[in-house]
Amino acid sequence: MSKEIDLNKTVAELVKEYPEVKEVMIQLGFKDLANPVALQIMGRKVTIPQGAAMKGIPMERIVLSFEAHGFTVKGQEPSVSETPAQPQMHRVRLSAGPQMSEGAKKLSVYLERLNNGESVDDVRDDFAKEFDTVPVNDIMQAEQQLINTGADPRKLKNLCDLHSTLFHGRSEDTIINEESRIEKIDLTKIPVGHPVRYFIQENTGLTELLDEVNAAAEGDDSFRLMKDLNMLRKIRTYYGKKEELLMPVLERDGVTGPAQVMWAVDDEMKNQVGALVRQLQEEGMEKTVPGVRALIQRMKEMQYKDENILLPSCLDHFTKEEWYAVYRDTYEMGPVFISIIPDWPEADEYWKQAKAKEEKGLEEGTVRFHGDGVTSPAGTLTVKQLKAMLKVLPVDITFIDDEETNRFYKNTDRVFSRPQSTLDQKTFYCHPPVIRTVVDKLIDDFRNGRKDSFERYIPSERRPVRILYLAVRDEEGNYIGTVEVVQDLTKIRDALNIGPSRLKPQQY
């Protein structure tokens, strides 16, 4: 009798039906399934295509592997809106996600043609015969459908700048001018201080700065342009807020499109600002201004996508508790293009009560270490003493357990941002898609004993940094996690009079 893999079933259902499915998937790169807890929790909610999208594993490779093991693969993956959410306490949505529209289904066909390298003009001509226009929110659903079926996210990144080609040749800037950015989100239903309002306010501040950059470029004022471009470097922090606070939550809920596509485009624009500053210094206004205009256009297009695609999708998927966490963590990196972050009294009260409850339970505890003080800790500390001691250590520390989950961090020096929402979440989602394979390989080397440490330096003239990764093992030598130690080397460099060229970056 033929064995069938139904893509509509969850991983846990398939493993129960065919136990060998687990081993096939582990070989394909789904290493989490080796952990019974991960299989029980995630496997009950995630299908194979959803897992493939999260891991960046092409569906074609998965199908071929199952066929090689004697399986027949059938079934269609549900639309984005039907993607099951991960189990979570007190999951109360602010609104329900829409079903995948017919327009999005049709649009995915045209995006796939672009993704496969077909001529933009041919695709646009065929599109114009069928559509007058397409709601912009359909774009993300179509992208998600492509990712779910195994499309390469690196190719989809290029589609992010090709959306306007499907609108009869109209530029996306024209579309932006024709449609109000805020109309798509009913702000009368959003509390004052809510993160959605915050991101819209930041976008307004960014628009004002982009207008200043454009005026400097048009006015042939190199001094003013240099000043404004340096102000625009803060885009790294603003995009970082989107990438660290919004996109990981969507990914955990099965919506991988924004992280796979928007994050990559954000990274390009962040790097482009610095490149334009260097070009202005070295080559002058005439050669720099065309790149400045192109960057302004791309940033405005991204603002439009943020307010009409990303934020509405977050409203569809986030729980109240998740919005409370986003609000709390916006303060981690501070305001960017506005002067202050608006207060959200409802969230402030929530965190006040949570903190009081936590402190009452923890401050009374005592930690006793039975060791020799050399190979293992020795002595007794109250939790209060331990917290105070960790606070004054001149390093930032993050601990990732053997299930690749962020369990602890202390970020006193704040070399890098560490939103509290990353705690108890898979470290996979807390890194840019472009380096996730590097992180996975390093942890895999630690887990299997191929490495015990890895060290790299960031030789910034302003703030040189040392990053040390260490495999953590128990007394029997079993891997139990990874600790990341980040140290600001500015004072050490200055005290030893070490030039920045002596600190070489290393690649894994």
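See the structure above.
In what follows, the accompanying structure is described.

Rules behind the numbers
- Note that residues are indexed from 1 along each chain, following the sequence as it is written.
- Local features in this predicted model are restricted to residues whose pLDDT is 70 or higher, and side-chain atom pairs enter the listing and the counts only when it is 80 or higher, whereas totals over whole chains, interfaces and linings include all residues.
- To obtain the side-chain values, all non-hydrogen atoms of the structure were used and water was disregarded.
- Nonpolar cores are built from buried Ala, Val, Leu, Ile, Met, Phe, Trp, Tyr and Cys residues. Side-chain atoms within 4.5 Å join them into one set.
- Partly exposed residues are those whose accessible area sits between 20% and 50% of the maximum for their type, while under 20% is buried and over 50% is exposed, using a 1.4 Å probe and protein chains only.
- Strands here are runs of E lasting at least two residues and helices are runs of H or I lasting at least four, both read from the DSSP assignment and numbered beginning at the N terminus.
- The criterion used for residue contact is that any of the two residues' heavy atoms lie within 4.5 Å.
- A carboxyl oxygen of Asp or Glu within 4 Å of a side-chain nitrogen of Lys or Arg is what we treat as a salt bridge.
- Geometry of aromatic contacts follows a simple scheme: Phe, Tyr and Trp rings, the Trp one being its six-membered ring, pair when their centres are within 6.5 Å, and the pair is stacked under 30 degrees between planes, edge-to-face over 60, tilted otherwise.
- For a ring to carry a charge above it, either NZ of a lysine or CZ of an arginine must fall within 6 Å of the ring centroid while also lying within 35 degrees of the normal to the ring plane.
- Here a polar contact is taken to be a pair of N or O atoms separated by no more than 3.5 Å, where protein atoms must pair a possible hydrogen donor with a possible acceptor and residues adjacent in sequence count only if both atoms sit in side chains.
- All tallies of charge rest on Lys and Arg as positive and Asp and Glu as negative; His and the ends of each chain are not included.

1. A short note on the nonpolar core
Turning to step 1, where the next piece is worked out: Leu225, Leu229, Leu232, Leu246, Met299 and Trp323 are the most contacted members of the largest nonpolar core, which has 55 residues in total.
Turning to step 2, where the next piece is worked out: Looking at this core, the elements with two or more residues in it are α11 (195-218), α12 (222-232), α13 (235-252), α14 (257-283), α15 (285-317) and α16 (320-333).
Turning to step 3, where the next piece is worked out: Among the elements that line this core, the one with the most residues is α15, at 12 residues.
Turning to step 4, where the next piece is worked out: Discounting residues that sit within four places of it in the chain, leucine 246 has contacts with Phe199, Lys241, Leu310, Leu311, Cys314, Phe318, Trp323 and Val326.
Turning to step 5, where the next piece is worked out: Counting residues in each nonpolar core, the second largest holds 20 residues, with Leu7, Val11, Tyr18 and Ile62 among its members.

2. Points about the pattern of salt bridges
Turning to step 1, where the next piece is worked out: Using the criterion set out here, one finds 21 salt bridges in the structure.
Turning to step 2, where the next piece is worked out: Across the pair lysine 242 and aspartate 266 runs a salt bridge whose closest N-O atoms are separated by 3.1 Å. A residue pair is termed long-range when its members are at least 10 positions apart, and lysine 242 in helix α13 and aspartate 266 in helix α14 qualify at 24 residues.
Turning to step 3, where the next piece is worked out: Residue class for aspartate 266 comes out buried when judged on its relative accessible area of 0%.

3. Some words on the environment of glycine 365
Turning to step 1, where the next piece is worked out: As for its placement among the helices and strands, glycine 365 is situated in the loop between α17 (345-362) and β3 (366-369).
Turning to step 2, where the next piece is worked out: When the C-alpha atoms of glycine 365 and lysine 384 are compared, they prove to be 8.2 Å apart, with 19 residues separating the residues in sequence.
Turning to step 3, where the next piece is worked out: Setting aside anything within four residues of it in sequence, one finds glycine 365 in contact with Thr382 and Val383.

4. Re the packing of aromatic side chains
Turning to step 1, where the next piece is worked out: Inspection of every chain in the model, using the stated rule, returns 13 aromatic pairs.
Turning to step 2, where the next piece is worked out: Ring geometry for tyrosine 327 versus tyrosine 331: centroids 5.6 Å apart, planes at 85°, classification edge-to-face. One end of the pair, tyrosine 327, and the other, tyrosine 331, are both in helix α16, four residues apart, so they sit about a helical turn from each other.
Turning to step 3, where the next piece is worked out: Here tyrosine 331 falls in the partly exposed class, since its relative accessible area comes to 35%.
Turning to step 4, where the next piece is worked out: When the centroid spacing of 6.4 Å and the interplanar angle of 25° are considered together, the rings of phenylalanine 454 and tyrosine 469 count as stacked. Of the two residues, phenylalanine 454 sits in strand β7 (residues 453-458) while tyrosine 469 sits in strand β8 (residues 465-473), which places them 15 residues apart along the sequence. We note that phenylalanine 454, like tyrosine 469, is buried.
Turning to step 5, where the next piece is worked out: Taken together, the aromatic side chains of Tyr324, Tyr327, Tyr331, Trp344, Tyr350 and Trp351 make up a single cluster linked through ring pairs.
Turning to step 6, where the next piece is worked out: Lying over the aromatic face of phenylalanine 71, lysine 3 brings its terminal NZ or CZ to 4.3 Å of the ring centre.
Turning to step 7, where the next piece is worked out: Note that arginine 328 overlies the ring of tryptophan 351, its terminal NZ or CZ placed 4.2 Å from the centroid.

5. Some remarks on the side chain of lysine 270
Turning to step 1, where the next piece is worked out: Relative to the assigned elements, lysine 270 resides in helix α14.
Turning to step 2, where the next piece is worked out: Among the polar contacts made by the side chain of lysine 270, one reaches the side chain of aspartate 267 at a distance of 3.0 Å.
Turning to step 3, where the next piece is worked out: With sequence-adjacent residues up to four places away left out, lysine 270 is seen in contact with Ile235, Arg236, Tyr239 and Glu243.

6. Considerations on the side chain of aspartate 6
Turning to step 1, where the next piece is worked out: Relative to the assigned elements, aspartate 6 resides in strand β1 (residues 3-6).
Turning to step 2, where the next piece is worked out: Put simply, aspartate 6 is tucked away with no salt bridge, and the nearest opposite charge, on lysine 74, sits 4.9 Å away.
Turning to step 3, where the next piece is worked out: Looking at aspartate 6, its side chain comes within polar contact range of the main-chain nitrogen of asparagine 8, at 3.0 Å.

7. Things to note about unusual backbone geometry
Turning to step 1, where the next piece is worked out: Despite not being glycine, aspartate 220 shows a phi value in the positive range, around 55°.
Turning to step 2, where the next piece is worked out: The class of aspartate 220 is exposed, set by a relative accessible area of 59%.
Turning to step 3, where the next piece is worked out: Positive phi, normally seen in glycine, also occurs at glutamate 404, with a value near 60°.
Turning to step 4, where the next piece is worked out: Looking at the secondary structure, you find glutamate 404 in the loop between β5 (396-401) and β6 (406-410).
Turning to step 5, where the next piece is worked out: Judged by its relative accessible area of 7%, glutamate 404 falls in the buried class.

Everything listed here is a matter of coordinates, which is why it stays silent on function.
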